[in-house]
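Listed here are the chains, written in short residue letters.
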Amino acid sequence: MENGEVQLSYRLLLAVDIQGYSRRDTREQLRAQRLLTEALDGAARGVGLDRAGWDKQVGGDGELATLPEGVDPATVAGEFVILLDGALREVNRDAGRFRLRVRLSLHHGTLTAGPFGPAGDAPIVVQRLLDAAPLRRLLADDADRDLAYVVSDSLFDDVVRTGFCALPPRGFRAVKVAAKGAVFRGHILTGRAAREDAGEDAGGPGSRSARVLEFPALALN
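This one's a predicted model, so the numbers in the text were calculated from it and none came from an experiment.

Participant: Give a detailed account of the packing of aromatic side chains, specifying residues and quantitative values.
Facilitator: In the structure shown here, the tally under the stated rule is three aromatic pairs. Arranged with centres 6.0 Å apart and planes meeting at 65 degrees, the rings of Tyr149 and Phe172 form a pair that is edge-to-face. Taken together, the residues span a long stretch of sequence, with Tyr149 in strand 5 (residues 147-152) and Phe172 in strand 6 (residues 172-179) at a distance of 23 residues. Both residues of the pair, Tyr149 and Phe172, belong to the buried class. A connected cluster of aromatic rings, assembled from ring pairs, spans Tyr149, Phe156 and Phe172.

Dropping the structure here:
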């Protein structure tokens, strides 16, 4: 394909992965897929989005989604994540043997469509952040946490810092991840996935706060 035939676009990308998927039997894997799909669908509807319009590259334990043009990144980076965390908490009230615990990463950048999915730097960045050891460790070290969430460095600067995002910048901590001979920078949410104006005790009886970890132990040099 000649360069003139390639259409480059600037889009918001979301990647999500189920923790401990391979340890489940087939029935539990199907259950996890269904529950995660329902949680993502519900969170999207809650902010006025329809996941049917997302360009999804699906694997057994998660997906990489390219969102349509015109989607407000502040809404996805804030309200969508808050609703997803709430949906996971509801699912896990009666989880049985396996709780549904997931990792989520967001990035916006350039890409182009390819025969096997989106090509470009943006899909690589969002996947490397999703697989980052500090993000995995956040779930491993905090048994009460259902969602481990990271945004890329550029999305944090362009969206989270603006004050238009429902999640406050102070709830994030910077990480640097080395993978495949490259360095990827992001910001992991170490506090609650809750609105900034909700207060420390928001959520009513039975609500819980995710434990805030000391981040030098998580950051990679």
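Text resumes after the structure shown.
Participant: Tell me about the side chain of Ser105, and name the residues and values.
Facilitator: With respect to the helices and strands, the residue Ser105 is situated in strand 4 (residues 102-111). Owing to a relative accessible area of 0%, Ser105 belongs among the buried residues under this scheme. Once residues lying within four places of it in the same chain are set aside, the contact partners of Ser105 are Leu13, Leu14, Ala15, Val126, Leu129, Leu130 and Val150.

Participant: Mind laying out unusual backbone geometry, listing which residues take part and the relevant values?
Facilitator: Phi is positive for Lys180, which is not a glycine, with a value near 55 degrees. Tracing the sequence through the fold places Lys180 in the loop between strand 6 and strand 7 (182-189).

Participant: An account of the sheet that holds strand 5 is needed here, citing residue identities and associated values.
Facilitator: An order of 2-3-1-4-5-7-6 is seen for the seven strands of this open sheet, with the pairing classed as mixed. Among the strands making up the open sheet, the edge pair consists of strand 2 (55-59) and strand 6. Strand after strand, the sheet turns through a mean of 25 degrees between neighbouring axes, direction not considered. Both strand 6 and strand 7 contribute to a ladder of eight bridges, which runs antiparallel. The partner of Ala174 across the bridge, within strand 7, is His187. Strands in contact with helix 1 (residues 26-46) are strand 1 (9-18), strand 3 (62-66) and strand 4; relative to strand 1, the strand with the most contacts, it is inclined by about 140 degrees. Running at roughly 160 degrees to strand 4, helix 3 (residues 121-130) makes contact with strand 1, strand 3, strand 4, strand 5, strand 6 and strand 7 of the sheet.

Participant: Describe helix 2 (residues 73-91), naming the residues involved and giving the relevant values.
Facilitator: For helix 2, which comprises 19 residues, the first-to-last C-alpha distance of 26 Å matches the rise-based estimate of 27 Å (1.5 Å per residue) to within 8%. Most pronounced at Phe80, the bend in helix 2 amounts to some 30 degrees. Taken together, the buried positions of helix 2 are occupied by Ala74, Val76, Ala77, Gly78, Phe80, Val81, Ile82, Leu84, Asp85, Gly86, Leu88 and Val91. On its buried face, helix 2 sits against strand 1, helix 1, strand 4, strand 5 and helix 5 (153-158). In this structure Asp72 caps helix 2, since a side-chain oxygen of it lies 3.1 Å from the backbone nitrogen of Ala74.

Participant: Residue-level account of the pattern of salt bridges, with values.
Facilitator: What the rule picks out here adds up to twelve salt bridges. The closest approach of N and O atoms between Arg51 and Asp41, which form a salt bridge, is 2.6 Å. In this pair, Arg51 sits in the loop between helix 1 and strand 2 while Asp41 sits in helix 1, placing the two residues ten residues apart along the sequence. Between Arg145 and Asp142 there is a salt bridge, with its nearest N and O atoms 3.5 Å apart. Here the two residues Arg145 and Asp142 agree in accessibility, since each one is buried.

Procedures and definitions
Residues numbered from 1 in each chain as written. Predicted model: local features only at pLDDT ≥ 70, side-chain atom pairs only at ≥ 80, totals over all residues. Heavy atoms only, no water. Phe/Tyr/Trp six-rings, centres within 6.5 Å; stacked < 30°, edge-to-face > 60°. Helix = DSSP H or I, 4+ residues; strand = E, 2+ residues; numbered from the N terminus. Buried < 20%, exposed > 50% of the residue type's maximum accessible area, 1.4 Å probe, protein only. Contact = heavy atoms within 4.5 Å. Pairing = 2+ DSSP bridges. Axes fitted to C-alpha atoms, helices over the stretch in contact; angles between N-to-C directions. Expected span 1.5 Å × (residues − 1). Bend = angle between axes of the 7 residues up to and from the residue. Polar contact = N/O pair within 3.5 Å; in protein donor to acceptor, adjacent residues only side chain to side chain. Salt bridge = Lys/Arg side-chain N within 4 Å of Asp/Glu carboxyl O.

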